[in-house]
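# Residue-level structure breakdown
One letter stands for each residue in the lines below.
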Amino acid sequence: MIKFGPSGNSDSFYEEGNKKTEQTPLWLKKRDLDLFEYSFGRGVNLGDEKATILKDIFSENGIEISVHAPYYINFAGTEENAGKSINYLIESAKKVKLLGGNRVIFHPATQGKLDRETAVNLTKERLKGLVNAVYENNLEDIKFCPETMGKLAQIGTTIEIVDFCKIDKIFLPCIDFGHINAREQGSLKTKEDYLARLNYLINELGFDRVKNFHVHFSKIEYTAKGELRHLTFDDNLFGPPFEPFVEALIELGLEPFVLCESNGTQAEDSIKMKKIYKGKLTL
């Protein structure tokens, strides 16, 4: 079965009077959701004791958890920044393990003033350094998920992410279809559009590895430079559409973790996605 859930708490979570992450698992369970992505976007600042408490609460409510590593990771930056990026990911991995999860999502790099090829090759070489650090810290049971990115200046096309995942088995692709659609100026419209991307993943990485890959999904406004801002499922101008995506997943037998990154309605839109998915299964 495909699993669904929000990345972060919806606005409605707080509007209903909730304030703490400890309240999130039961809130999600009542809405028949399966997943939650905890953000370390601005730093890995979760204490070990609280992480252990959260692990028990998420487990009791049947909610699986992943974490998003700090947004300022950049493997194409200076040597110092690359070293810090490795440390951020190792710290994120230690925390997700305490939380009872096993997936760390991260943005690989920004091109900066480098030409594209140089930036990509530098990122790839430095990711090998991350692999060494992961094994040195006995964290090889954690999946490190480089994410497809939405801005043209960011490293993270589908091809680049797949290439990074070939470095070592610790890597699992995080395919953000909203980012792909924004980067490629509205390229995702039909089931065939999704099938082309999904079959590429399977052909390059193998079905077993791709079956439960990580997904971010939301509608995203874009310009000629790519991603501008995240929207909600109520938007009818920008994509990508969800229904042909889930049809492609069902046709191929893929069962990913699907995390919704809608702007403030991520839980509500996760519920919509799950209902659509269940409806397709009964056809």
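Preceding this paragraph is the structure being described.
Presented here is an overview of the structure given in this document. Everything numeric in this text was worked out from a predicted model, so none of it was measured.

## Focus: the overall build of the chain
The secondary structure content of the chain amounts to eleven helices and twelve strands. A compact globule built from 283 residues would reach a C-alpha radius of gyration of about 19 Å, and the chain, at 18 Å, matches this within 12%. Counting only C-alpha atoms and orienting by the principal axes, one finds that the chain spans roughly 45 × 45 × 35 Å. Evaluated residue by residue, the chain yields a buried proportion of 54% over its 283 residues. Intrachain contacts of the chain at a sequence separation of at least 6 include 79% that bridge at least 24 residues.

## What about the pattern of salt bridges?
One pass over the full model with this rule turns up 21 salt bridges. E91 is the salt-bridge partner of K94, the closest N and O atoms lying 3.8 Å from each other. In this pair, K94 and E91 both sit in helix α4 (residues 79-99), three residues apart, roughly one turn of the helix. Here K94 falls in the partly exposed class, since its relative accessible area comes to 35%. Judged by its relative accessible area of 35%, E91 falls in the partly exposed class.

## Remarks on helix α11 (residues 266-281)
In this model α11 runs 23 Å from its N-terminal to its C-terminal C-alpha over 16 residues, within 8% of the 22 Å that 1.5 Å per residue would give. For α11, the complete set of buried residues consists of Q266, A267, D269, S270, M273, K274 and Y277. All buried residues of α11 project into a common sector of 160 degrees when viewed along the axis, lining one side. On its buried side, α11 packs onto β1 (3-6), α2 (24-29), β9 (214-217), α10 (243-252) and β12 (257-260).

## Looking at the side chain of S66
Here S66 is to be found in strand β3 (residues 64-68). With a relative accessible area of 4%, S66 lands in the buried category. A polar atom in the side chain of S66 sits 2.7 Å from the side chain of E37. If we skip the residues at most four places from it in the chain, S66 touches F36, E37, Y38, V96, R103, I105 and H214.

## A look at empty space enclosed by the protein
Under the defined criterion, the tally for this structure stands at two cavities of 30 Å³ or more. If you add up the space inside the largest cavity, you get close to 40 Å³. Together, T148, M149, G156, T157, T158, I180, R183 and E184 line the largest cavity. Residues belonging to the lining of the largest cavity are distributed by class as follows: two nonpolar, four polar and two charged. If you add up the space inside the second largest cavity, you get close to 40 Å³. Every residue lining the second largest cavity is listed: L35, F36, E64, I65, S66, H214, F257 and L259. Secondary-structure elements contributing two or more residues to the lining of the second largest cavity are β2 (35-39), β3 and β12. The element best represented in the lining of the second largest cavity is β3, accounting for three residues. Here the lining of the second largest cavity is built from residues that sort into five nonpolar, two polar and one charged.

## Considering the environment of I159
One can find I159 in helix α6 (residues 158-165). On the basis of relative accessible area, I159 is assigned to the exposed category, the value being 56%. With 109 residues separating them along the chain, I159 and K50 place their C-alpha atoms 38 Å apart.

## Quick look at the nonpolar core
Counting 76 residues, the largest nonpolar core has L130, F144, F177, F213 and F217 as the members making the most contacts within it. Counting residues per element, this core draws most heavily on helix α5 (residues 116-136), which supplies seven residues.

## Examining the sheet that holds strand β4 (residues 103-106)
Spatially, the four strands line up as an open sheet ordered β2-β3-β4-β6, and their pairing is parallel. In this open sheet, the two strands that pair with only one neighbour each are β2 and β6 (143-146). Strand-to-strand twist of the sheet, defined as the mean angle between neighbouring strand axes without regard to direction, takes the value 25 degrees. Relative to β4, β3 is paired through two bridges, and the arrangement is parallel. Residue pairing in the sheet places V67 in a bridge with V104 of β4.

Conventions used here
- Residues numbered from 1 in each chain as written.
- Predicted model: local features only at pLDDT ≥ 70, side-chain atom pairs only at ≥ 80, totals over all residues.
- Heavy atoms only, no water.
- Helix = DSSP H or I, 4+ residues; strand = E, 2+ residues; numbered from the N terminus.
- Rg over C-alpha atoms; globule rule 2.2 N^0.38 Å.
- Buried < 20%, exposed > 50% of the residue type's maximum accessible area, 1.4 Å probe, protein only.
- Contact = heavy atoms within 4.5 Å.
- Salt bridge = Lys/Arg side-chain N within 4 Å of Asp/Glu carboxyl O.
- Expected span 1.5 Å × (residues − 1).
- Arc of directions from axis to C-beta.
- Polar contact = N/O pair within 3.5 Å; in protein donor to acceptor, adjacent residues only side chain to side chain.
- 1 Å grid on protein atoms, 1.4 Å probe; cavity = no way out; pocket = protein on both sides within 12 Å on 5 of 7 lines; lining within 4 Å.
- Points joined across faces, edges and corners; volume = space filled by probe spheres on them.
- Nonpolar A, V, L, I, M, F, W, Y, C, P; charged D, E, K, R; others polar.
- Core = buried A, V, L, I, M, F, W, Y, C linked by side-chain atoms within 4.5 Å.
- Pairing = 2+ DSSP bridges.
- Axes fitted to C-alpha atoms, helices over the stretch in contact; angles between N-to-C directions.

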